[in-house]
Amino acid sequence: MTERVIFDVNDAATILLRSFPYQTKKRKLAMDACLQVLSGEAQPPVARRAFVVAAPEAKILRSD
């Protein structure tokens, strides 16, 4: 598996769209959070927290 560093909300949204094998509630919440940040309705930490919660379902988060 190739490692990828996520630099911003656009990267996170792209990964949520392409790397999740199926729709889950956590994925949807993370996508919604990313869209809120992109539209100026929320701050980036909101999307980051949601992404970190959703990522283990797709086994795409590496812990340091």
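Keep in mind that what you see is a predicted model, and the values were worked out from it rather than measured.

**Q** Sorry if this is basic, but what is going on with the packing of helix α2 (residues 25-38) against helix α3 (residues 44-58) here?
**A** Two measures define how a pair of helices packs: the angle their axes make with one another and the distance between the axes. The interhelical angle for the contact between α2 and α3, taken along N-to-C directions, is 160 degrees, at an axis separation of 8 Å. Regarding the angle of α2 to α3, the classification is roughly antiparallel. Seen from above, α2 lies across α3 with left-handed handedness. Residues K26, R27, L29, A30, A33, C34 and V37 of α2 form the contact with α3, whose participating residues are P44, V46, A47, A50, F51, V53, A54 and E57. In terms of residue class, the contact of α2 with α3 is built from twelve nonpolar, no polar and three charged.

**Q** Would you mind going over α2 with me for this structure?
**A** Think of an α-helix as turning once every 3.6 residues; residues three or four places apart then point the same way. Counted at 1.5 Å a residue, the expected span for α2 with its 14 residues is 20 Å, and the 20 Å between its end C-alpha atoms agrees. In this structure, the buried residues of α2 make contact with α1 (9-19) and α3.

**Q** What exactly am I supposed to notice about the side chain of R27 here?
**A** Along the chain, the position of R27 falls in helix α2. There is a polar contact of 2.4 Å between the side chain of R27 and the side chain of Q23. Beyond its immediate chain neighbours, meaning those up to four positions away, R27 contacts L16, L17, F20, Y22, A54 and E57.

**Q** Any chance you could explain the packing of α1 against α2 here in plain terms?
**A** Close contact between α1 and α2 brings their axes to 10 Å; oriented N to C, the two are set at 150 degrees. In terms of their interaxial angle, α1 and α2 are classed as roughly antiparallel. In the packing of α1 onto α2, the handedness of the crossing is left-handed. Counted together, V9, N10, A12, A13, L16 and L17 of α1 and R27, A30, M31, C34, V37 and L38 of α2 form the full contact between these two elements. For the contact of α1 with α2, the per-class residue count stands at ten nonpolar, one polar and one charged.

The rules behind the values
- Residues numbered from 1 in each chain as written.
- Predicted model: local features only at pLDDT ≥ 70, side-chain atom pairs only at ≥ 80, totals over all residues.
- Heavy atoms only, no water.
- Axes fitted to C-alpha atoms, helices over the stretch in contact; angles between N-to-C directions.
- Helix = DSSP H or I, 4+ residues; strand = E, 2+ residues; numbered from the N terminus.
- Parallel < 35°, antiparallel > 145°, perpendicular 65-115°, else oblique.
- Left-handed = near helix turned anticlockwise from the far one by under 90°.
- Contact = heavy atoms within 4.5 Å.
- Nonpolar A, V, L, I, M, F, W, Y, C, P; charged D, E, K, R; others polar.
- Expected span 1.5 Å × (residues − 1).
- Polar contact = N/O pair within 3.5 Å; in protein donor to acceptor, adjacent residues only side chain to side chain.

Take it as geometry only, folks, not as evidence of what the structure does.
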